[in-house]
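What the coordinates show
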Amino acid sequence: MSDQVQPSLVQPSKDGDVGILTVNNPPVNALSPGVPEGIIAGLEQFEKDDAVKAIVLIGGGRTFIAGADIKEFGKITSLGDRRKGPGFLGVLDRVESYPKPIVAAIHGTALGGGLETAMACHYRVAVPSAQVGQPEVKLGIIPGAAGTQRLPRLAGVAKGVEMCAAGDPISAKDALESGIVDQIVEGDLLQGALAFARTKIGTSPRRTRDLNSKLGNEQTNAPIFAFARDAARKKARNLMAPQAAIDAVEAATKLPFDEGVKREAELFQDCLFSDQSKALIHVFFGDREVAKIPGISKDIAQIPVNQAAVVGAGTMGGGIAMVLANAGIPVLLKETDQAALDRGLATIRKNYSNSVKKGRFSQEEMDKRMARIRPTLTYDGFGEVDMIVEAVFEGMALKKQIFGELDKVAKQGAILASNTSTLNIDEIASATSRPEWVIGTHFFSPANVMRLLEIVRGKATSKEVIATLMALSKKLGKVGVLVGNCRGFVGNRMFGPYRREAQFLVEEGAAVEAVDQALYDYGMAMGPVATGDLAGLDVGWRIRKEYGEIRDTSVRQPILEDRLCEMGRYGQKTGAGWYKYDENRRPTHDPEVDKLIEQVRAEIGRTPREISAEEIVERTIYALVNEGARILEDGYALRAVDIDIIYINGYGFPAYRGGPMWYADTVGLKKVYERIREFEKEHGALWTPAPLLQRLAEEGKTFAEFDRKVAATA
Ligand code: CAA
Ligand code: NAI
């Protein structure tokens with residue numbers, strides 16, 4: 001094999017009678033400018049070469065083409081550009097109508113435009129570990145290069161619509177069974193692809209656009225589309241792209257290929273210029289941006305975490321032990337007495353059994369995970385582990401006592417982490433002789449489910465420990481976000497004002513259900529009042545009592561939740577909080593609460609008024625934004641996007657709104673600032689605008705611009 005012709009993003013070479021085009025655009029071979037052109041140039045070169053009888057298109061490095069270059073999306077202001085030249089669609093038409101057979105050889109991932117390219121080729125082979133998919137909906141768009149038209153022709157309507165509307169990739173095996181891939185190559189991919197290509201020499205290329213046998217008919221397709229629309233409405237509430245993707249696939253079943261492509265283009269355009277798409281692209285890059293910590297380079301030495309221990313087998317400790325065991329890390333789990341340990345283990349076993357019942361993994365896999373968790377009542381073995389996570393009750397004295405003990409038993413070089421949700425990490429670290437090894441790991445409940453991990457940096461925490469936790473979070477399937485050491489850190493600190501406003505709105509006249517409904521309609525996974533019932537109203541109540549904040553008369557305080565707690569109504573766990581709960585934890589309206597609300601309104605002299613859904617959203621969401629701006633200015637979050645990622649992954653904030661800070665940018669900071677000023681006039685100092693928000697609003701800037709400045713100075 002030789003004949004390297006020109007160094008570019010796509011390198012042509014030859015192996016006897018087969019031409020090879022290798023895409024080399026690290027890290028993921030995205031279709032950046034130059035790649036489509038390189039493919040066309042290579043094809044033109046091979047078309048003239050009579051010695052070349054077939055072509056293999058393959059990716060260099062770790063993957064086949066992983067899709068369009070998402071960075072380019074933001075630069076597109078109109079699709080007029082697309083119509084000027086042949087565009088990417090034209091490139092794929094050229095590939096499909098090529099006179100010699102073209103085989104796509106897939107390893108890694110063929111996603112989005114990558115799969116569209118592969119489908120425009122005449123045949124596809126893949127290694128067993130490869131994955132293919134149309135994940136565009138996750139970016140708020142739909143396939144825009146005939147993916148919705150070619151995929152159902154290869155895989156059938158049901159599979160095609162599922163892949164385009166849900167966006168999840170499928171395995172090579174599944175792709176083979178569905179007809180997307182023609183052969184699995186067990187050994188060397190290129191050799192396998194060359195051999196396959198040779199079997200097609202002399203045959204007329206099979207064009208996907210001509211394959212109509214799997215397109216079904218109106219009668220068979222109607223229930224498929226109805227089911228897909230219903231599933232998308234439930235799973236992707238308020239999102240436009242999944243519905244548009246379904247419309248586009250439906251067009252494939254009703255219109256000739258070129259007409260269907262036109263319909264796809266219209267739907268693609270609507271999605272591409274939507275706020276939802278811009279927000280989801282912000283989230284895609286944000287998910288990756290949070291891993292970049294100024295001052296901590298990627299190659300800093302990390303501490304291998306091969307064995308771990310958890311102190312406390314309660315709600316959080318049990319979940320954290322599962323997270324570690326799931327990642328293959330053996331973990332000691334310590335409790336104070338046998339009964340608590342048994343309870344903790346029983347919960348873990350029940351959670352794993354549920355996963356087995358749901359088919360997420362096998363009984364054998366569950367047994368392996370359970371075997372990694374070793375229950376104990378002593379510190380025996382703690383001297384050998386690389387990381388210890390403390391998850392005992394929230395109380396400074398207890399946490400300091402535990403860290404004092406850990407300091408004695410842990411080996412030098414072990415990471416000592418606290419899963420506190422509010423307490424000062426530096427004070428906890430002061431109970432040890434090695435504060436540089438101490439860090440906060442704030443998991444979210446249920447720890448084995450929620451994706452967010454706030455990593456709390458103490459003033460002495462070493463860079464190595466931070467780098468290790470950031471990398472470990474990925475291994476644990478979490479998105480780790482580094483935060484500073486302030487009360488409540490980032491997420492809970494912002495959640496305070498958000499829930500405070502929800503309560504004020506009820507005091508002022510809004511119905512409990514109306515507050516929850518407005519935020520649910522906005523896109524939150526759950527309304528703020530119902531969330532309080534879920535998490536336990538007593539948690540905040542105890543903290544407020546500990547900090548002596550109840551009945552502080554210098555600022556307006558929410559009253560209702562403290563009263564509910566005084567009545568023993570802690571939320572779901574006591575069968576009653578803001579709502580009443582049946583044995584299945586289904587909420588119903590409770591007239592008792594109405595009485596309490598009336599009483600409190602009378603006490604504070606509030607005449608109930610009509611409150612619109614718009615005001616409910618502004619009061620609660622702008623409270624998040626204002627506190628977020630303070631956190632940002634004080635340096636407790638590195639970037640606005642870090643706050644967004646925290647809220648999306650830990651608090652059920654809708655990703656299609658990009659997170660609270662991005663959402664504020666979308667509304668316009670000037671408008672948000674002015675509304676907050678109005679709230680300040682009406683409700684007092686709790687609403688004083690954050691200085692950073694004021695500055696950005698006055699300068700006509702955005703949080704995104706603030707972030708760019710941070711990145712430039714890092
Ligand atoms: N465009 C631009 N940059 C991309 C990219 C893309 N399509 N995919 C990944 N990257 C970047 C990431 O931002 C990251 O950059 P940094 O290192 O600077 O942070 C780098 O490539 C590596 O990515 P990951 O960290 O995500 O690497 P991974 O190995 O964990 O995952 C992957 C690889 C599965 C390909 C994952 O990156 C991914 O899912 N990418 C997006 C794929 C996608 O959505 N494709 C469809 C695009 S839309 C489309 O194609 C529209 C169309 O129809 C024309
Ligand atoms: P929990 O009450 O469910 O569990 C605490 C466990 O610690 C109990 O089982 C108790 O027996 C055990 N324990 C107490 N002292 C111990 C000791 N000396 N040695 C070993 N075990 C001991 O509490 P939960 O909810 O798990 O909270 C634990 C920590 O996680 C707290 O700091 C809390 O603030 C934090 N957190 C809680 C979240 C939640 O939603 N529950 C979310 C995030 C953080």
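Keep in mind it's a predicted model, so treat the numbers as computed, not measured.

**Brief notes about helix α19 (residues 463-475)**
Helix length check: α19, at 13 residues, gives a terminal C-alpha distance of 19 Å against a target of 18 Å (1.5 Å per residue), a fit within 8%. All of the buried residues in α19 are V465, I466, A467, T468, L469, M470, L472 and S473. Here the buried face of α19 lies against β13 (387-390), β14 (415-418), β15 (438-443), β16 (452-456) and β17 (479-483). G477, located one to two residues past α19, shows a positive phi value of around 80 degrees.

**A word on the packing of helix α20 (residues 491-508) against helix α21 (residues 512-522)**
Between α20 and α21, whose axes approach to 9 Å, the crossing angle comes to 135 degrees. Between α20 and α21, the interaxial angle falls into the category oblique. For α20 against α21, the interelement crossing comes out right-handed. Between α20, through Y498, A502, L505 and V506, and α21, the contact on the second element is made entirely by V512, V515 and L519. For the contact of α20 with α21, a count of residues per class yields 7 nonpolar, no polar and no charged.

**A closer look at the site of ligand 2**
Close to ligand 2 lie 21 residues, the nearest being M316, E335, E394, K399 and S421. Residue T315 places a main-chain N or O atom 2.9 Å away from an oxygen atom belonging to ligand 2. Here an oxygen atom of ligand 2 sits 2.5 Å away from a polar atom, N or O, in the side chain of K399. Looking at the shell around ligand 2, the elements that each hand over two or more residues are α14 (315-326), α17 (396-409) and β15. Ranked by the residues each element gives to the shell around ligand 2, the list is headed by α17, at 3 residues.

**Brief notes about the packing of aromatic side chains**
We describe a pair of aromatic rings using the distance from one ring centre to the other and the angle between the two ring planes. Inspection of the entire model under this criterion finds 13 aromatic pairs. Plain terms: the ring middles of W541 and Y570 are 6.0 Å apart, the flat faces sit at 45 degrees to each other, and that makes the pair tilted. Placement of W541 in helix α23 (residues 537-546) and of Y570 in the loop between α24 (560-566) and β18 (580-581) is noted, with a sequence separation of 29 residues between them. Here W541 matches Y570 in class, with each residue buried. Ring-pair connections join several aromatic residues into one group, and the members of that group are F444, F495, Y498, Y647 and Y651. Here R237 stacks its cationic end above the ring of Y520, 3.4 Å away from the centre of that ring. The lysine or arginine in question, K334, covers the ring of Y379, its NZ or CZ lying 4.7 Å from the ring centre.

**Describing the site of ligand 1**
The environment of ligand 1 is made up of 25 residues, and the closest members are R62, A68, G113, E116 and R288. Between ligand 1 and A68, the relevant distance is 2.8 Å, taken from a nitrogen atom to a main-chain nitrogen or oxygen of the residue. Within the backbone of I70, one N or O atom sits 2.8 Å away from a nitrogen atom of ligand 1. Protein chains bury 77% of the 990 Å² of accessible surface belonging to ligand 1 in isolation. Sorting the residues of the shell around ligand 1 by element identifies α2 (70-73), β5 (109-111), α5 (113-120) and α13 (275-289) as the ones contributing at least two each. Tallied by class, the residues present in the shell around ligand 1 amount to 13 nonpolar, 5 polar and 7 charged.

**Focus on unusual backbone geometry**
Along the chain, P26 connects to P27 via a cis peptide bond; the corresponding omega equals 5 degrees. Along the chain, the position of P27 falls in the loop between β2 (18-23) and α1 (35-48). Following S445, the chain continues into P446 via a peptide bond in cis, with omega recorded as -5 degrees. With respect to the helices and strands, the residue P446 is situated in the loop between β15 and β16. With phi around 70 degrees, N238 is a residue other than glycine that occupies positive phi space. Residue position: N238 is located in the loop between α10 (218-235) and α11 (240-254).

**What to know about the pattern of salt bridges**
Close approach of charged atoms lets side chains of opposite charge pair. All told, the structure shown has 54 salt bridges when counted by the stated rule. Ionic pairing is found between R209 and D93, a salt bridge with its closest N-O pair at 3.2 Å. Here the residue R209 occupies a position in the loop between α9 (189-200) and α10, and D93 occupies one in helix α4 (residues 87-96), the gap between them amounting to 116 residues. Its relative accessible area of 16% is what places R209 among the buried residues.

**Digging into the packing of α14 against helix α15 (residues 338-357)**
How two helices sit against one another is set out by the angle between their axes and by the gap between those axes. Running from N to C, α14 and α15 cross one another at 50 degrees; their axes reach a closest spacing of 9 Å. On the basis of their axis angle, the class for α14 and α15 is oblique. As for how α14 packs across α15, the hand of that crossing is right-handed. Where α14 approaches α15, its residues G318, M322, A325 and N326 are matched on the opposing element by I348, N351 and Y352. For the contact of α14 with α15, the class distribution of residues is 4 nonpolar, 3 polar and no charged.

What counts and what doesn't
Residues numbered from 1 in each chain as written. Chains lettered and ligands numbered in written order. Predicted model: local features only at pLDDT ≥ 70, side-chain atom pairs only at ≥ 80, totals over all residues. Heavy atoms only, no water. Helix = DSSP H or I, 4+ residues; strand = E, 2+ residues; numbered from the N terminus. Expected span 1.5 Å × (residues − 1). Buried < 20%, exposed > 50% of the residue type's maximum accessible area, 1.4 Å probe, protein only. Contact = heavy atoms within 4.5 Å. Axes fitted to C-alpha atoms, helices over the stretch in contact; angles between N-to-C directions. Parallel < 35°, antiparallel > 145°, perpendicular 65-115°, else oblique. Left-handed = near helix turned anticlockwise from the far one by under 90°. Nonpolar A, V, L, I, M, F, W, Y, C, P; charged D, E, K, R; others polar. Near = heavy atom within 4 Å. Polar contact = N/O pair within 3.5 Å; in protein donor to acceptor, adjacent residues only side chain to side chain. Phe/Tyr/Trp six-rings, centres within 6.5 Å; stacked < 30°, edge-to-face > 60°. Lys NZ or Arg CZ within 6 Å of the ring centre and 35° of its normal. Areas by Shrake-Rupley, 256 points an atom, 1.4 Å probe, with all protein chains shown as cover. Salt bridge = Lys/Arg side-chain N within 4 Å of Asp/Glu carboxyl O.

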